[in-house]
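Now for the letters of each chain:
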Amino acid sequence: MTNKIKKVVILGGGTSGWMSAALLKKVIGSAIDVELVESEQIGTVGVGEATIPPIQNVNAVLGIDEAEFLRETQGTIKLAIKFENWRKQGESYYHTFGSAGKSFAFCHFHHFWRRAQDLGFGGSLWDYDLNYLCAEEGKFAKINAKDPILNLAYAYHFDASLYGQYLRKLSERMGVVRTEGLVDKVQQDEQSGYITALKLKDGKEIKGDLFIDCSGFKGLLIQEKLGTGYDDWSHLLPCDRAIAVPSERFEHTVPYTRSIAHSAGWQWRIPLQHRNGNGLVYCSRYYSDDEAADILLSNLETKQIGDPNLIRFRTGRRRKQWNKNVISVGLSSGFLEPLESTSIHLIQTAIVRLIHLFPHDGIQQSTVDEYNKLSKLEFEQIRDFLILHYYVNERDDSRFWRDMRDLDIPDSLRQKIQLFADNGTLLREQNDLFLEASWLQVMLGQGIMPKDYHPVANQPSDEALKDMLDNIRAVKHDPIPKLPSHDAFLAQFCGKR
Ligand SMILES: Cc1cc2nc3c(=O)[nH]c(=O)nc-3n(C[C@H](O)[C@H](O)[C@H](O)COP(=O)(O)OP(=O)(O)OC[C@H]3O[C@@H](n4cnc5c(N)ncnc54)[C@H](O)[C@@H]3O)c2cc1C
């Protein structure tokens, strides 16, 4: 056990550094001093522009005004991710933040829908999902519905560097001290190995009790200084590079991210108010960097407005996300490709977890162990969900996709897939970020149709089942014509031009 924690030092001023600074200062407040060190000379990774709905909790805690937030980050609304060419070329499906139908006490809606498929009616499952209907029509409004089945869950797309600046402004207003400078040396206590201070190139020394490593992929404190180690998962998720490039915006801004599979990777398209964010995630065993750049640039659809940025990564996680008095947050803690926009969320949960377990009176090993156990589980659960997208595919056009079907996947994932394929049962582990609705959409979208359904779905007569499905579909479709377009919403809500 060490002494009381009075001063927290954050190394790095990317999304992870500034989100950590803002949340810690806001929640723990005057009990600690927070100082953040960053180097403009090094800069940030410059990507990370699509989020998932829990980011709204960060905004709520920080007391962020949503219209101001969207204005200042050139943000847009995200209702879903559209996966194109993932199951087969020419096919697409959505993973929305909503859920199809309505909830029933003993068996999920999709069992009723599955029975209807056998009877020759029911249509597409997505036709019962308000998020999907709005995404397809390019519509959005903040629906204040009394009926929970009309809840429209959403997240945001934003400009990564504007988001960093926005969080910086908030943090500094709350009293976070920012120091510009390049960390050159790291001082350690000889006995405990705890970090005691960061030494900057200009000679300045920044002392602290607890250090948050937000220094990016290299993990300057957690890895370069403490040698914590890394669990490499590239045998499960082999993509290891990305090229990112901005392009001009489309005339109409869609309220969803696009994920377009190519022969050895996939391309993202993120619509912002002032531009599109684009990138190709790929595996360097199958594409050279030049080939990857050609594929990306020839599939932009709007004019390129910046230079391509090549980013190398290794999928996996830091063996201990908390080691001694260093907690790694963001890219320094591990990396899972941005297929489901989970990295910023992992920053959020890392800091929330730290706040829950904050070692005010000194670091106890039991606290560190608990933190590391929860972080490991979280990374593994997201990893499995990502593997699902690759493993269950029917593409025969390239070696990459055939190889993905031969992945030696974790048993836990194999069991989930088998159970769903057998009888439509969705197995969601405790605390899994992805709810049943997410597993359902991706399993169906990738082509797994359950052989059977829950017997409770046999209770209504054929006619009653048809009426029930028609009614739910009508309720979901009813608001659509009255909703404004996504662009009209942004213009009215936050003054988008
Ligand atoms: C291709 C790609 C696409 C992504 N897309 C998404 C997405 O859509 N959604 C999502 O949620 N996440 C996404 N991510 C992840 C997301 O970009 C990161 O989680 C997020 O940007 C946080 O990065 P960071 O702050 O940890 O690191 P960085 O942005 O790399 O920041 C590192 C900081 O450390 C500082 N630093 C480093 N060394 C020193 C030193 N010696 N002295 C002083 N300062 C130093 C740098 O100056 C910088 O401020 C994506 C990542 C990649 C690679």
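Up top you'll find the structure we're talking about.
I will try to describe carefully the structure that is included in this document. Owing to the predicted nature of the structure, the values given are computational and were not obtained by experimental measurement.

Another point: the sheet that holds strand β18 (residues 316-318). With respect to topology, three strands assemble into an open sheet ordered β12-β18-β21, the strand pairing being antiparallel. With one partner strand each, in any of the chains shown, β12 (230-232) and β21 (334-335) form the two edges of the open sheet. Judged from the two bridges that link them, β18 and β21 form a sheet pairing that is antiparallel. When the bridges of β21 are listed, R317 appears paired with G334. Sitting on the sheet, helix α10 (residues 365-391) is in contact with β18 and β21, with an inclination near 170 degrees to β18.

Right, let's get into the pairing of strand β9 (residues 195-200). In this structure, strand β8 (residues 183-188) lies alongside β9, joined through five bridges in antiparallel fashion. Residue Q188 lies in a different strand from β9, and its bridge partner there is I195. Turn length for the β8-β9 hairpin, with the two strands adjacent in sequence and antiparallel, is six residues, and the turn residue G193 shows positive phi of about 80 degrees. Across three bridges, the pairing between β9 and strand β10 (residues 205-207) is antiparallel. Note on β10: the bridge partner recorded for L198 is I206.

Let us look at the pattern of salt bridges. Inspection of every chain in the model, using the stated rule, returns 40 salt bridges. For R275, the salt bridge is made with E49, and the minimal N-O distance between the two is 2.9 Å. Highlighted residues: R275 in the loop between β15 (265-271) and β16 (276-282) and E49 in the loop between β2 (33-38) and α2 (55-61), separated in sequence by 226 residues. On the accessibility criterion, R275 (13% relative accessible area) is buried. Of the residues examined, E49 reaches a relative accessible area of 7% and is grouped as buried. With a shortest N-O distance of 4.0 Å, E91 and K88 are connected by a salt bridge. Among the charged side chains, a network of salt bridges with common partners joins E38, E40, R178 and E180.

Bringing the sheet that holds strand β11 (residues 210-213) into the picture now. One open sheet accounts for six strands, arranged β7-β2-β1-β11-β20-β19; its pairing is mixed. Only two strands of the sheet have a single partner each, and these edge strands are β7 (177-180) and β19 (322-323). As paired strands, strand β1 (residues 7-11) and β2 are joined by five bridges and run parallel to one another. From the neighbouring strand, K7 faces β2, where its bridge partner is D33. The sheet strands contacting helix α1 (residues 15-28) are β1, β2, β7 and β11, and the helix crosses β2 at an angle near 170 degrees.

One pass over the structure, following the stated rule, counts 30 aromatic pairs. When the ring of F217 is compared with that of F335, the centres are 5.4 Å apart and the planes differ by 85 degrees; the resulting orientation is edge-to-face. One end of the pair, F217, is in the loop between β11 and α7 (220-225); the other, F335, is in strand β21, with 118 residues separating them in the sequence. Take F217: its relative accessible area is 30%, and that puts it in the partly exposed class. Ring centres of Y390 and W401 lie 5.8 Å apart, and the angle between their planes is 20 degrees; on these two criteria the pair is classed as stacked. Here Y390 is found in helix α10, whereas its partner W401 is found in helix α11 (residues 399-405), with eleven residues between them in sequence.

This paragraph deals with the site of the ligand. Taken together, 36 residues form the shell around the ligand, and within it G13, S16, A50, K218 and I344 come nearest. Residue I344 places a main-chain N or O atom 2.8 Å away from an oxygen atom belonging to the ligand. Notes on the ligand: free accessible area 1000 Å², of which the protein chains cover 97%. Of all the secondary-structure elements, those providing two or more residues to the shell around the ligand are α1 and α9 (343-356). For the shell around the ligand, the element with the most residues is α9, which contributes three residues.

So, on to the environment of W126. Take W126: it is sitting in the loop between α4 (109-119) and α5 (130-137). Accessibility expressed as a relative area gives 12% for W126, which makes it buried. Residues within four places of W126 in sequence aside, it is in contact with Y93, Y94, T96, Y132, Q441, L444 and G445.

Spanning 14 residues, α9 covers 20 Å between terminal C-alpha atoms, matching the ideal 20 Å at 1.5 Å per step. With respect to burial, α9 is a largely interior element, eleven of its 14 residues being buried. Among all positions in α9, only I344, H345, L346, I347, Q348, T349, A350, I351, R353, L354 and I355 are buried. Turning to α9, the residues buried within the fold contact α1, α2, β11, β19, β20 (326-328) and α10.

About the thresholds
Residues numbered from 1 in each chain as written. Predicted model: local features only at pLDDT ≥ 70, side-chain atom pairs only at ≥ 80, totals over all residues. Heavy atoms only, no water. Pairing = 2+ DSSP bridges. Helix = DSSP H or I, 4+ residues; strand = E, 2+ residues; numbered from the N terminus. Contact = heavy atoms within 4.5 Å. Axes fitted to C-alpha atoms, helices over the stretch in contact; angles between N-to-C directions. Salt bridge = Lys/Arg side-chain N within 4 Å of Asp/Glu carboxyl O. Buried < 20%, exposed > 50% of the residue type's maximum accessible area, 1.4 Å probe, protein only. Phe/Tyr/Trp six-rings, centres within 6.5 Å; stacked < 30°, edge-to-face > 60°. Near = heavy atom within 4 Å. Polar contact = N/O pair within 3.5 Å; in protein donor to acceptor, adjacent residues only side chain to side chain. Areas by Shrake-Rupley, 256 points an atom, 1.4 Å probe, with all protein chains shown as cover. Expected span 1.5 Å × (residues − 1).

Everything listed is a geometric property; what it means functionally is a separate question.
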